[in-house]
Protein chains: 4
Amino acid sequence: MLDLSGIYPPIPTPFHPDERVAYDLLAGNLERWLAQPLEGIVMPGSNSEAAFLTRQERIDAWKVCVERLEGSGKRLIAGTGAESTAETIALTQAAAQIGAQAALVLPPYFYKQSLTNEVLSAHFHAVAKESPIPVLVYNVPAFTGIDFTPSVLLKMAEHPMIVGYKDSSANVVKLASVLSKRPDLQVLAGTGSALLPFLSLGAVGGIMALANFAAGPLRKVWDAFHQGRREEARQVQCSLAEINNSVTSRYGVPGLKFALDACGYYGGPARRPLLALDAAAREEILAQLRALGLCQGNPGQAGASG
Amino acid sequence: MLDLSGIYPPIPTPFHPDERVAYDLLAGNLERWLAQPLEGIVMPGSNSEAAFLTRQERIDAWKVCVERLEGSGKRLIAGTGAESTAETIALTQAAAQIGAQAALVLPPYFYKQSLTNEVLSAHFHAVAKESPIPVLVYNVPAFTGIDFTPSVLLKMAEHPMIVGYKDSSANVVKLASVLSKRPDLQVLAGTGSALLPFLSLGAVGGIMALANFAAGPLRKVWDAFHQGRREEARQVQCSLAEINNSVTSRYGVPGLKFALDACGYYGGPARRPLLALDAAAREEILAQLRALGLCQGNPGQAGASG
Amino acid sequence: MLDLSGIYPPIPTPFHPDERVAYDLLAGNLERWLAQPLEGIVMPGSNSEAAFLTRQERIDAWKVCVERLEGSGKRLIAGTGAESTAETIALTQAAAQIGAQAALVLPPYFYKQSLTNEVLSAHFHAVAKESPIPVLVYNVPAFTGIDFTPSVLLKMAEHPMIVGYKDSSANVVKLASVLSKRPDLQVLAGTGSALLPFLSLGAVGGIMALANFAAGPLRKVWDAFHQGRREEARQVQCSLAEINNSVTSRYGVPGLKFALDACGYYGGPARRPLLALDAAAREEILAQLRALGLCQGNPGQAGASG
Amino acid sequence: MLDLSGIYPPIPTPFHPDERVAYDLLAGNLERWLAQPLEGIVMPGSNSEAAFLTRQERIDAWKVCVERLEGSGKRLIAGTGAESTAETIALTQAAAQIGAQAALVLPPYFYKQSLTNEVLSAHFHAVAKESPIPVLVYNVPAFTGIDFTPSVLLKMAEHPMIVGYKDSSANVVKLASVLSKRPDLQVLAGTGSALLPFLSLGAVGGIMALANFAAGPLRKVWDAFHQGRREEARQVQCSLAEINNSVTSRYGVPGLKFALDACGYYGGPARRPLLALDAAAREEILAQLRALGLCQGNPGQAGASG
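The residue count restarts for each chain, going from 1 along the sequence in the order it is written. All chains are assigned letters beginning with A, and all ligands numbers beginning with 1, in the order in which they are written. A pLDDT threshold of at least 70 governs which residues receive local features in this predicted model, and a stricter bar of 80 or more applies before side-chain atom pairs are shown or counted, although totals over entire chains, interfaces and linings include all residues. Hydrogens and water are ignored here; the side-chain numbers use all heavy atoms of the structure.

A. Quick peek at the interface of chain B and chain A. Contacts between residues were defined by any pair of non-hydrogen atoms, one from each residue, lying within 4.5 Å. The partner chain A presents 34 residues to the 34 residues of chain B that form the contact. Each of two parts loses accessible area, computed with a 1.4 Å probe, when they are put together; buried area is these two losses added. Overall, the association of chain B and chain A removes approximately 3,100 Å² of surface from exposure, summing both partners, and the carbon and sulfur fraction of that is 67%. When the area that chain B buries against chain A is broken down by residue, the three leading residues are Phe110(B), Tyr111(B) and Phe143(B), summing to 25%. In what follows, salt bridge is the name for a side-chain nitrogen of Lys or Arg lying within 4 Å of a carboxyl oxygen of Asp or Glu. Our count for the chain B to chain A interface comes out at zero salt bridges. In protein, a polar contact requires one atom able to donate a hydrogen and another able to accept it; more generally it is a pair of N or O atoms within 3.5 Å, and residues adjacent in sequence count only if both atoms are side-chain atoms. One can count ten residue pairs in polar contact (both at pLDDT 80 or more) joining chain B with chain A. Secondary structure elements follow DSSP: runs of H or I of four or more residues count as helices, runs of E of two or more count as strands, with numbering from the N terminus. The set of elements that each furnish at least two residues to the side of chain B that touches chain A consists of helix H3 (85-98), helix H4 (117-130), helix H5 (141-144) and helix H12 (252-262) of chain B. Among the elements that make up the side of chain B that touches chain A, the one with the highest residue count is H4(B) (four residues).

B. Geometry of the nonpolar core. In terms of nonpolar packing, the biggest core is built from 473 residues, with Phe213(A), Phe213(B), Phe213(C) and Phe213(D) touching the most fellow members. Counting residues per element, this core draws most heavily on helix H2 (residues 55-69) of chain B, which supplies seven residues. Sequence-distant contacts of Phe213(A), that is, excluding residues within four places in its chain, are made with Ile243(A), Val247(A), Leu256(A), Ala259(A), Leu260(A), Cys263(A), Leu289(A) and Leu294(A). Nine residue types can take part in a nonpolar core, namely buried Ala, Val, Leu, Ile, Met, Phe, Trp, Tyr and Cys, and a core is a set of them joined through side-chain atoms within 4.5 Å. Accessibility here uses a 1.4 Å probe with only protein chains present; expressed as a share of the type maximum, an area under 20% marks a residue as buried, one over 50% as exposed, and anything in between as partly exposed.

C. Region of the structure containing the pairing of strand S6 (residues 162-167) of chain B. Residue and element names in this part refer to chain B. The buried fraction of S6 is high, at six of six residues. When DSSP locates at least two bridges between a pair of strands, those strands are taken to pair. Looking at chain direction, strand S5 (residues 135-139) and S6 are connected through five bridges and run parallel. Residue pairing for S6: Val137 is matched across the bridge by Tyr165. As defined by bridge partners, S6 adjoins strand S7 (residues 186-189) across four bridges and the pair is classed as parallel. For Gly164, the partnering residue across the bridge sits in S7 and is Gln186. We call a crossover right-handed when, viewed with the strands running away from us, the connection from the first strand over the helix to the second turns clockwise. Traced from S6 through helix H7 (residues 172-181) to S7, the parallel crossover comes out right-handed.

D. Representation of unusual backbone geometry in the model. For the bond from Met43(A) to Pro44(A), the omega torsion is -15°, close enough to zero to count as cis. Here Pro44(A) is to be found in the loop between strand S2 (40-43) and helix H2 (55-69). The backbone phi angle of Glu49(C) is positive, close to 60°, even though this residue is not glycine. Within the element layout of this structure, Glu49(C) appears in the loop between strand S2 (40-43) and helix H2 (55-69).

E. Region of the structure containing the packing of helix H11 (residues 241-250) of chain C against helix H12 (residues 252-262) of chain C. All names here are of chain C. Two elements in contact, H11 and H12, have axes separated by 6 Å at closest approach and are oriented at 135°. In terms of orientation, H11 and H12 fall into the oblique class. On the side of H11, the interface is formed by Ser246, Val247, Thr248 and Arg250, while H12 contributes Gly252, Gly255, Leu256 and Ala259. Just so you know the grouping, Ala, Val, Leu, Ile, Met, Phe, Trp, Tyr, Cys and Pro go in nonpolar, Asp, Glu, Lys and Arg go in charged, and all remaining residues, Gly too, go in polar. When its residues are assigned to classes, the contact of H11 with H12 shows three nonpolar, four polar and one charged. To get an axis, fit a line to the C-alpha atoms, keeping to the stretch in contact for a helix; angles then go from 0 to 180 degrees between the N-to-C directions. Any angle from 65 to 115 degrees is called roughly perpendicular, while one under 35 is roughly parallel, one over 145 is roughly antiparallel, and all others are oblique.

Dropping the structure here:
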């Protein structure tokens, strides 16, 4: 079974000021991520503005990623979820053909009242059956309104191609329930602050917005945990709490893109309707980055995301 | 200002068993709707499986609708919402060019935490500014998780191209608040059971799944209300409550499509992941339709949606 | 069966500045309500700060109410809900003995995960079985987190002592469902803006915070509806939307108490933790009352609730 | 500052079959808990059916607890929350006078719309100001619908008598946020499955239903964590996941009481409206207890809780 353990950033999609995808700037960012202590990348995750991308943009972005990652030993986990089962299968197969090693599959979520556990299981089994690559179920109730129960996750994972899940809701009770029955499943924390508590229960890593610009400190948490330095692990983990909130729940994608700008990547603007951060938010994020030593010099470029 | 008062069905998108759009069967259904006491149709609404349609499918469906409605005096209200502002504008302009008289605009909803009132207002104002046709805001929190406040609806409606809203949450308190400030806004009930209470407060009509196969009884409610027959209005409205639940919250799109099959339209299967109804649900719906005299003979075709 | 049709205020509990119940001021308020076009009062409702009252305070308040209402032909509907079944029964029996004509029973709500439809039905049937007076089920999900389904309401109403329900969530879809099966049930709107739409579907009246100081305009809505003056009913109903919001969702109990002060009743302070309104909120409410002609002179007393 | 680190059960309130509190059986249970590896007890917590107790029952139970704990070196943390500020203060002072070492304070929760962060902070500061003993804030959104933000917790903890919080929502993201700013605060996990992940981030212990009958395994998690045996900690923690679900979210208080019966304590019936477990639920819990070696012989007494 493919070992997905490790730290992954769900990378933002860079846009030009006119909202076109900036594939060249994506390539530039990838060069920088390759130099970081990461096991790979996720494209697109929620933070990649997947909801705003056309199918063709998603495919073109995968091609750029695969080309850059080639020979690096790093993995591409492709986000392939769509509302319909047929489109999810088509995207998963396309990602596999282009060269993704695994798929992270957002569930359908619009027709919430019809999406019973039975419907969700059938959907994921249909996808797994047609997928050439291992599938991770993606639990992100803050965006989808769908919060998988342990029993539906276990039901889905009866299919051998469903190898685990990512949980952006950071639910440790759910994690303990699932791993008590299936300790072999590969679970990934879905937000930076959950890395250490998830590792403590047996998760294999994390797919975290924070990893886009803070791979170093997250790796410190990882190493300290695995080497038994409990106090160091705790301290580094907690030190990341505020910047983690800023680039997820508090300021969302515009916050993450601004942080990227400030750390020497290209963040740039989000697509509308998302609005640029105001000055106070930018200053708050800069202060948090500086306190962690993550901000490289004067983020002159940061204004570009405004 | 365009008068949108009246009764409209958000029509289902017919699919072949292999999930392709059945444009010919759509044309056939349109012939039947033209003979009903309806002021027009909505395509696509939530019940049209809009979430499963590609952009091209949506455009092709509009073309079929416009062609059939031509000369009938009936209106096409086009569903043009998308997650990104740019795509929403592009779809709205395309619908107008093809011949839609108004647009029903679902808001963005994935990045809930970032979708503040400010962001939502800016989005709708940007759409209104570029729209050649009047815009209705679409409030359907059960699907989107976004529930517009009266103040944000009033803020949006400051733009002259935003002429009203559809409310699938049937919120009469919100309706009273909005109309107390802007009695000129055109509000449409978004579910069959809300028609009479919405009319009582000054709403101009309804966009209701129920109107796909029960235009007659809904027209009776309308006429009885406007002609002051309170008791008849109440009785007919309440008589529709159970079938209305069946084709909305209880059985969703598969329930609606089965009811269409039973009433002589083509309903057919929904796209996956939505599952066909089981035998008990089908029997329940048939019994409700028969009790209302809506079911035409033996729905032999109904099995096709199974 | 007891006819509960009509308009009722859930009356606030007056407190002295030191938070003791001001029974004498309650008696004074009752004198004024007796002169209003009301069919009775509810004590305590949510707006009466029931959650802050001891059992003895509740009982003493009932005694004051019964004494004042005696001979007036007006009804006392007593709020008798408690978390445990035994306490709910004891309170209902006490209220009946003191002289209440009916009970409005809030459900248990703390152990939400255990409060299945089966548990809720058994609770209400146990209460109904021991109650000497008719019972109204009280649906107020904004406070309790419990939102009764139509089917559980119908199940409860199989007991002859359960004669209807009050719905503060103003759900017209639920109302149509319930009345389609049991048109004999007595349903009361639970918020001022819902009166007209609820009447249109067959509700028998309302228990509304607004009725504490706006019985006149609410009676106009009632009369206009029953006499077929649709436009007048609509206009008066909508004119009350803003002040209704202010004394319910927007400013809650402190807002209601301030409005009472401004209209010549004793409102006074709420018990802590509820805080007094700030100056801006007070001015907003005064402006709304003045626009409706409800504010009597200069509310010098209003400062007392600050 | 009082060190509250450790493992605590929120002990059930035993009732006779006629629903009276069984103080003698409480005393008997306390004898057994004194022999367990626990730092003390919590009375009443949510699992103690606090919502069903009168003020006098609460006080009498505290007296029994203090008497039994005397000289044992174990702590009584008293649950003293009530809807009104005045009652919360009165209960806290009573608990302190009787001999409780700390108070666990459930927030007010009925008037959700009025319970802003400002109101909640003022309430807790008022309680802290009058409390003779340290106060823990109690976060249990599944029951209260109130979910404290990190910022309001930090605001409350500005008062020196507010020394930490218990979080039954097991939110590790919140925990990291709070401890990053105030590493001195004493946070306690509020459900058994959260113990290890909470410890990993710096929490000082747990107040967990599971500790009522599984203090031994929870102590193993604690010891393994503090002694650096990561794999043992993880395995024991995960092994408890299913029984933890059974006595909390899945079967609630009746599930917990049945488990107590099966483990040699007196569980007995819950107060109505809570219903006894059915046979299938009882068998499921017995199987979970047996698998963990927690069930002592044949729980003949268990039928008593049926």
